[in-house]
Amino acid sequence: MTIPVVTLNNGVTMPQLGFGTWRVGRDAVAEALRTGYRCIDTAEMYRNETDVAAALAGSGLERAEVFVTTKVWNDHHGHRATLEAFHASRRRLGLDVVDLYLVHWPSASDSVNVDTWRALESLHADGLVRAIGVSNFSPAQLDVLLDACDVVPAVNQIELHPARPRLEERAYHERHGIATQAWAPLARAAVLTHPVVTAVAAAHGRTPAQVVLRWHLQHGVIAIPRSASPERIRENFAVADFSLTPQDMAALDSLGGRTAP
Ligand SMILES: NC(=O)c1ccc[n+]([C@@H]2O[C@H](COP(=O)([O-])OP(=O)(O)OC[C@H]3O[C@@H](n4cnc5c(N)ncnc54)[C@H](OP(=O)(O)O)[C@@H]3O)[C@@H](O)[C@H]2O)c1
């Protein structure tokens, strides 16, 4: 199964389908790596960076084969605390270099966001992270970083799925060369019983989750579905060998109430 890659704004490439690890541990990550996922999304807040490290170590894969994302949590905003949080994450992950480091949530203070972002810029300049980005930032909060800082975030990871398509955010990201990454890409399973989703799935002989993940990929969005079940981990990865038609895409876009760009 060949998963497409996305080229970030600094030339680094990452798989467009990854594995989300909120509330899962070593066994699920190991299953994902066995299945073929080569992009793992963790965070200091998930308290499972050591599980990710153990799964990576047990996988037999070369370091360069797996793209690892982690994130600085809200209580480590600010320049110094962010640097300390990064080094703690890096130690827990057992990695010399993290592929993508994200600010998990914006602070309510623009100046704090700038301080935190400056710390990520210095980690990037020092070669400790291959790419830096944010998560849950609004276009207005991104504007502040673009005005005050040097490096344009490579990624903004936001909640995004057919029922919440985030059209304004996606258009903003596209204008500024920021890749859109979807958390809760399956809407935590809430969209999987929607009659439009089940009808498209039936027409393709696929599952609702596979159809929703195809919708992400065909919109150029990076998706990181999570599952604790080996069967569903495999199901969610088997999405590279079929395509949705423009009519299917429009039908799925309609769940969000408006037409996607
Ligand atoms: N940046 C942020 O603020 C933020 C916030 C939330 C999440 N995230 C990241 O995004 C990742 C994904 O988001 P998420 O975990 O919240 O939601 P999600 O991936 O949309 O949904 C996960 C849920 O869907 C179920 N599921 C998965 N595959 C399924 C399938 N094929 N059929 C039916 N049900 C299925 C899972 O249950 P089973 O385990 O039983 O399969 C689980 O309950 C997280 O794990 C995390 O890495 C980031």
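Along each chain, residue indices are assigned from 1 in the same order as the chain's sequence is written. With the structure being a predicted model, the display of local features is reserved for residues of pLDDT at least 70 and the display and counting of side-chain atom pairs for 80 or more, all residues being used for whole-chain, interface and lining totals. Working from all heavy atoms in the structure, the side-chain values ignore hydrogens and water.

Going by what an unreviewed UniProt entry lists, the chain is known as Oxidoreductase and is assigned to Thermobifida cellulosilytica TB100. Comment text from UniProt for the chain, heading Sequence similarities (unreviewed entry), reads "Belongs to the aldo/keto reductase family." UniProt positions are given in the numbering used here, feature names are shortened, and annotations may be inferred rather than shown by experiment.

What am I meant to see in the pattern of salt bridges here?
Think of it this way: side chains of opposite charge can pair up when their charged atoms draw near. Here a salt bridge means any side-chain nitrogen of Lys or Arg lying within 4 Å of a carboxyl oxygen belonging to Asp or Glu. On inspection of all chains with the given rule, the structure shows twelve salt bridges. Where Glu31 meets Arg234, a salt bridge forms, and the shortest distance between an N and an O atom there is 2.7 Å. Of the two residues, Glu31 sits in helix 1 (residues 26-35) while Arg234 sits in helix 9 (residues 230-237), which places them 203 residues apart along the sequence. Taking relative accessible area as the criterion, Glu31 reaches 12% and is therefore assigned buried. Between Glu169 and Arg166 there is a salt bridge, with its nearest N and O atoms 3.1 Å apart. Assessed through its relative accessible area of 14%, Glu169 is described here as buried. Numbered from the N terminus, helices here are DSSP runs of H or I no shorter than four residues, and strands are runs of E no shorter than two. Exposure is judged per residue with a 1.4 Å probe applied to protein chains only, and the accessible area is read against the type maximum: over 50% gives exposed, under 20% gives buried, and values in between give partly exposed.

It is not clear to me how the nonpolar core should be interpreted in this structure. Could you clarify?
Here is a general trend for soluble globular proteins: nonpolar side chains tend to be buried in one another's company. Only buried residues count toward a nonpolar core, which is a set of Ala, Val, Leu, Ile, Met, Phe, Trp, Tyr and Cys residues joined through side-chain atoms within 4.5 Å. Ranked by size, the top nonpolar core spans 64 residues in total, and within it Phe19, Tyr101, Trp117 and Leu244 carry the most contacts. If one sorts the elements of this core by residue count, helix 8 (residues 208-218) sits on top with six residues. Contact criterion: two residues are considered in contact whenever any of their non-hydrogen atoms come within 4.5 Å of each other. Look past the residues within four positions of Tyr101 in its chain and what remains in contact with it is Thr70, Lys71, Val72, Thr82, Ala85, Phe86, Leu120, Leu123, Val129, Ala131, Ile132 and Gly133. Met14, Cys39, Leu100 and Val155 belong to the second-largest nonpolar core, a separate cluster that totals 13 residues.

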